[in-house]
Amino acid sequence: MRKKTGLGKKKELDAQLNLTPFIDLLSTCVCFLLITAVWIEIGTVEVKQSHGTSANQEKKETFDLDLVFKDPTEMSLNLKKNGKRVQSLKVKAENFEDMLVQLNQTIIGQVLTFKKKSIEIATATVTPRSSVNYGSLISTLDVLRKNRIVNIGVLTAGGN
Amino acid sequence: MILNHSMVAADAFEKHLVNRKRKKNWTLKAAGFTLMLTSMVDMFSMLVVFLLQTFSSSPEILLTKGVELPNSVTPSMVREAPVLAISSDGNIYLDQMLVGLTKDISKKPNELLKKLNKIKSSWSKSHTSPFTGEINLQADREIQSTVVAQIMGILTSSQFQSIELAVVGHR
């Protein structure tokens, strides 16, 4: 290290940082991270089909929810216990977004608190319709998942 | 100062000399530019921090062409599994390989079932654990939900019961 004249054997306080390897490292890091960067975050919505799977095994003592699309703005909800319908509800709005809001309110207010008691939904089954597109179906599943209903199935037959 | 001097200089030769000197000075200035290292290092550091924050080590699945995934606010992490894609033009792809048209496959699913059985048999060869039945399903957001349901029915009949519907995450 360079010593200052007139200061005896004391070392200089200002150390010089070698910037070249530092910039090299940073450029390498930037290149690597830019190449491996994920710009579109792809996630998944898990669906457990209820035909012969473990989704059906938890039916005792818990409630099940059936959601049937009539069209993109109308849906009927059937709350079932041990396969028997205990409550039937209807959700209707002017557009799909409003219908989702109403569905969310209905689930919170009338489904998850059934007869003033909080209940748990074991399985939810959604029956699609040809007038409802796949994006709308996913949005409906989103509403269920937001309300901690995660065991969801999609009815695969007779939904036309 | 130089400009004033050149203006003051009366003689043409003197003017020429002044101009030559000025030009010489310009070339010297141009050759001796300095790189602002501090701001460059700052920028690099900020880029590295930003990219490190967005870096994810979770498994990624290839997005099939012609598939615009729906948005979701409750996405889960992607798991490594075979990818079945239904594009907006009605084609079905299994692991990026064309299987056929949706309307044909929903009537005669033999081709798809054969390919799914191949995946199952290769799974049993490479794994000691029982078959989990996981599959990633990518479908265009504009296609009919009943079409997706029909394909899901075929998957369920072929023991692929844990279906992961691929979405674009918006938390």
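Residues numbered from 1 in each chain as written. Chains lettered and ligands numbered in written order. Predicted model: local features only at pLDDT ≥ 70, side-chain atom pairs only at ≥ 80, totals over all residues. Heavy atoms only, no water.

Asks: Explain the packing of aromatic side chains here, please?
Replies: To describe a pair of aromatic rings, you give the distance between the ring centres and the angle between the ring planes. All names here are of chain B. Evaluation of the coordinates by the stated rule reveals 4 aromatic pairs over all chains. When the ring of W123 is compared with that of F131, the centres are 5.8 Å apart and the planes differ by 80°; the resulting orientation is edge-to-face. Ring centres 5.0 Å apart and planes at 90° place the aromatic pair F131 and F160 in the edge-to-face group. Pair noted here: F131 is in the loop between helix 5 (110–126) and strand 5 (134–139) and F160 is in the loop between helix 6 (145–157) and strand 6 (162–169), with a separation of 29 residues, a long-range link. The class for F131 is partly exposed, based on a relative accessible area of 28%. Members of the aromatic cluster, each reached through a chain of ring pairs, are W123, F131 and F160. (Phe/Tyr/Trp six-rings, centres within 6.5 Å; stacked < 30°, edge-to-face > 60°. Helix = DSSP H or I, 4+ residues; strand = E, 2+ residues; numbered from the N terminus. Buried < 20%, exposed > 50% of the residue type's maximum accessible area, 1.4 Å probe, protein only.)

Asks: Hey, could you run me through the pairing of strand 3 (residues 91–94) of chain B in this one?
Replies: As a general feature of sheets, a regular strand has side chains that alternate between the two faces. All names here are of chain B. Neither face of strand 3 is left uncovered, since the one carrying N91 and Y93 and the one carrying I92 and L94 both have all their residues buried. Bridging between strand 2 (residues 83–86) and strand 3 involves 3 bridges; their strand directions are antiparallel. Looking across to strand 3, one finds that A85 is bridged to Y93. Taken together, strand 2 and the strand that follows it, strand 3, pair antiparallel across an intervening segment of 4 residues, in which G90 is found at a positive phi of about 95°. When strand 3 meets strand 4 (residues 97–101), the two strands line up antiparallel, connected through 4 bridges. (Pairing = 2+ DSSP bridges.)

Asks: What is the right way to read the environment of A:L25 from this model?
Replies: Relative to the elements of secondary structure, A:L25 occurs in helix 1 (residues 19–36). Spatially, the C-alpha atoms of A:L25 and A:R129 are 56 Å apart, while their sequence positions differ by 104 residues.

Asks: What's the story with the sheet that holds strand 2 (residues 63–71) of chain A in this structure? I'm lost.
Replies: All names here are of chain A. Spatially, 5 strands are ordered 4-3-2-7-8 in an open sheet, and the strand pairing comes out mixed. Each end of this open sheet is capped by a strand with a single partner; those strands are strand 4 (84–92) and strand 8 (152–154). Geometrically, the sheet is characterised by an average inter-axis angle of 20° between neighbouring strands, direction not taken into account. The pairing of strand 3 (residues 74–81) with strand 4 spans 8 bridges and is antiparallel. Its bridge partner lying in strand 4, L77 is registered against L89. (Axes fitted to C-alpha atoms, helices over the stretch in contact; angles between N-to-C directions.)

Asks: What should I look at first to understand unusual backbone geometry in this one?
Replies: It is generally the case that most residues other than glycine have a negative phi and that most peptide bonds are trans. Even without a glycine there, the phi angle at A:N82 is positive, about 50°. Locating A:N82 in the fold gives a position in the loop between strand 3 and strand 4. Taking relative accessible area as the criterion, A:N82 reaches 48% and is therefore assigned partly exposed. Here B:D95, not a glycine, exhibits a phi torsion of approximately 50°, which is positive.

Asks: Mind showing me how you'd approach the interface of chain B and chain A here?
Replies: Many structure descriptions define interface size as the accessible area lost when the parts assemble. Counting from both sides, the interface comprises 51 residues of chain B and, opposite them, 45 residues of chain A. Here chain B packs against chain A, burying approximately 4,000 Å² in sum over the two surfaces, 67% of which is carbon and sulfur. Considering only the surface of chain B that becomes buried against chain A, B:L51, B:S145 and B:L165 emerge as the three largest contributors, covering 15% of it. Seen at the junction of chain B and chain A, the total is 1 salt bridge. With its nearest N and O atoms 3.2 Å apart, the salt bridge here joins A:E46 to B:R79. For the interface between chain B and chain A, the tally reads 19 residue pairs in polar contact (both at pLDDT 80 or more). Counting only elements with at least two residues in the side of chain B that touches chain A, the list comes to helix 3 (37–54), strand 1 (71–72), strand 5, helix 6 and strand 6 of chain B. The element that contributes the greatest number of residues to the side of chain B that touches chain A is helix 3 of chain B, accounting for 10 residues. Across 7 bridges, strand 1 (residues 42–48) of chain A lies against strand 6 of chain B in antiparallel orientation. Directly across from A:K48, in strand 6 of chain B, lies its bridge partner B:S162. (Contact = heavy atoms within 4.5 Å. Buried area = accessible area lost by both parts, 1.4 Å probe. Salt bridge = Lys/Arg side-chain N within 4 Å of Asp/Glu carboxyl O. Polar contact = N/O pair within 3.5 Å; in protein donor to acceptor, adjacent residues only side chain to side chain.)

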